[in-house]
Protein chains: 2
Amino acid sequence: MDDQVVQWDTRADCDVRKILDRVADKWSLLVIALLDRRTMRFSELRRAIDGVSQRMLTVTLRQLERDGLVTRTVYPVVPPRVEYELTALGFSLHEVIKSLVVWTEEHQREISDARTAYDERTTEEERLLQAPMAR
Amino acid sequence: MDDQVVQWDTRADCDVRKILDRVADKWSLLVIALLDRRTMRFSELRRAIDGVSQRMLTVTLRQLERDGLVTRTVYPVVPPRVEYELTALGFSLHEVIKSLVVWTEEHQREISDARTAYDERTTEEERLLQAPMAR
DNA sequence: CAGAATCCGGCGAGATACTG
DNA sequence: CAGTATCTCGCCGGATTCTG
């Protein structure tokens, strides 16, 4: 019986869970995905990631820096110039995340089709429930 | 000039972004990671994922079902028995996510070390700022 | 330009109670 | 057992203002 169940950790406060929560973060994911090799400035990232607020980008970048995934380089010029770059660790994560992005691009059609089908099934059921006394 | 920047979409409301938000969801990630081949019952998933509330597990499973990633099978017995299983699409995502989990396991040490180092640097700086007039 | 600090409103998510 | 339904609170995150 090759009952090979991968049953990893499980506790909410284990390291893997805590790190996954970070990695699975909406903005973190996008930053890591965008920072490909080259360095990027703060405002450049801000423009590249539509919808991110200044505050959330700052917070996200600080977390990533703390996790050792990006480096933050401040150039003492005026106006200030701050550049962000993936560390080696960050780049190894980048590659994993990139495969996730690629997966999403490849299957977005199947997913939106599934959503449409599901919604139609659901609204159809609701329609039937609306008039259960019919006939 | 091989300025090969992968610059994918960018808009907050594009399909890839919307799907990534779902995929990058904390509970979704864990459910997909846990559902490996075999089917699992609701309560089984609930026990396996420490910290998830009944409500959030229900919501998460509904979303995954809507996205065509899991199937939901209700057995009309009493007490009710509901089983969840990955679809083919869901399993292909499972493999990507699994590589993410593996990455996390392999690098959790580096990350926690980086966090410790960062925190020490930070508190040290704060300590210096606390007594700038010293001497 | 790249933040830090502050304020605050919405809603995500937990707790609880009820049901087929 | 596997959900719904409802209420409520916390805090996430946006908007704004102020610096080096």
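Every value quoted in this text rests on a predicted model; they were computed, and no experiment measured them. (Residues numbered from 1 in each chain as written. Chains lettered and ligands numbered in written order. Predicted model: local features only at pLDDT ≥ 70, side-chain atom pairs only at ≥ 80, totals over all residues. Heavy atoms only, no water.)

Observations regarding the pattern of salt bridges
(1) Moving on: Within the structure shown, the criterion is met by 16 salt bridges over all chains.
(2) Moving on: Residue R115 of chain A is joined to D67 of chain B by a salt bridge in which the shortest nitrogen-to-oxygen separation is 2.6 Å. Here the residue R115 of chain A occupies a position in helix 5 (residues 88-130), and D67 of chain B occupies one in the loop between helix 4 (54-66) and strand 2 (70-75), the pair thus bridging two chains. Both residues of the pair, R115 of chain A and D67 of chain B, belong to the buried class.
(3) Moving on: Overall, D67 of chain B belongs to the buried group, its relative accessible area being 1%.
(4) Moving on: Ionic contacts of the salt-bridge type, sharing partners, join the residues R22 and D67 of chain A together with R115 of chain B into one network. (Salt bridge = Lys/Arg side-chain N within 4 Å of Asp/Glu carboxyl O. Helix = DSSP H or I, 4+ residues; strand = E, 2+ residues; numbered from the N terminus. Buried < 20%, exposed > 50% of the residue type's maximum accessible area, 1.4 Å probe, protein only.)

Examining the UniProt feature "domain: HTH hxlR-type" (unreviewed entry) in chain A
(1) Moving on: Summarizing the sequence annotation, UniProt attributes the feature "domain: HTH hxlR-type" (unreviewed entry) to residues 14-112 of chain A in the numbering used throughout.
(2) Moving on: Annotation note: span residues 14-112 of chain A, helix share 64%, strand share 14%, distance between end C-alpha atoms 34 Å. (UniProt positions renumbered as here; feature names shortened; annotations may be inferred.)

With respect to the interface of chain A and chain B
(1) Moving on: The partner chain B presents 55 residues to the 54 residues of chain A that form the contact.
(2) Moving on: A buried area of about 5,100 Å², summed over both sides, lies between chain A and chain B, and 65% of it is on carbon and sulfur atoms.
(3) Moving on: Counting every contact that joins chain A to chain B gives six salt bridges.
(4) Moving on: Linking chain A with chain B are ten residue pairs in polar contact (both at pLDDT 80 or more).
(5) Moving on: For the side of chain A that touches chain B, the secondary-structure elements that each account for two or more residues are helix 1 (15-23), helix 2 (26-34), helix 3 (42-48), helix 4 (54-66) and helix 5 of chain A.
(6) Moving on: Here the side of chain A that touches chain B gets 20 residues from one element, more than from any other, and that element is helix 5 of chain A.
(7) Moving on: When its residues are assigned to classes, the side of chain A that touches chain B shows 27 nonpolar, eight polar and 19 charged. (Contact = heavy atoms within 4.5 Å. Buried area = accessible area lost by both parts, 1.4 Å probe. Polar contact = N/O pair within 3.5 Å; in protein donor to acceptor, adjacent residues only side chain to side chain. Nonpolar A, V, L, I, M, F, W, Y, C, P; charged D, E, K, R; others polar.)

Some details on the sheet that holds strand 2 (residues 70-75) of chain A
All names here are of chain A.
(1) Moving on: Strand order in this open sheet of three strands is 1-3-2, and the pairing throughout is antiparallel. Taken across any chain shown, the strands that pair with only one partner, and hence form the sheet edges, are strand 1 (40-41) and strand 2.
(2) Moving on: Note that strand 1 and strand 3 (residues 81-86) share two bridges and pair antiparallel. Across the sheet, the residue bridging to R41 is E83, located in strand 3.
(3) Moving on: Running at roughly 115° to strand 2, helix 4 makes contact with strand 2 and strand 3 of the sheet. (Pairing = 2+ DSSP bridges. Axes fitted to C-alpha atoms, helices over the stretch in contact; angles between N-to-C directions.)

Considerations on the relation of the copies chain A and chain B
(1) Moving on: Structural alignment of chain A on chain B gives an RMSD of 0.0 Å, achieved by rotating through 180° and translating 0.0 Å along the axis. Accordingly, the operation relating the two chain copies is best matched by a two-fold axis. Of every C-alpha in chain A, the one belonging to A24 of chain A sits nearest the axis of rotation, 2.3 Å from it.
(2) Moving on: Interface overlap between copies: 100% of the residues of chain A at the interface are likewise at the interface in chain B, consistent with a symmetric, same-surface contact. (Least-squares fit on C-alpha atoms with pLDDT ≥ 70 in both.)

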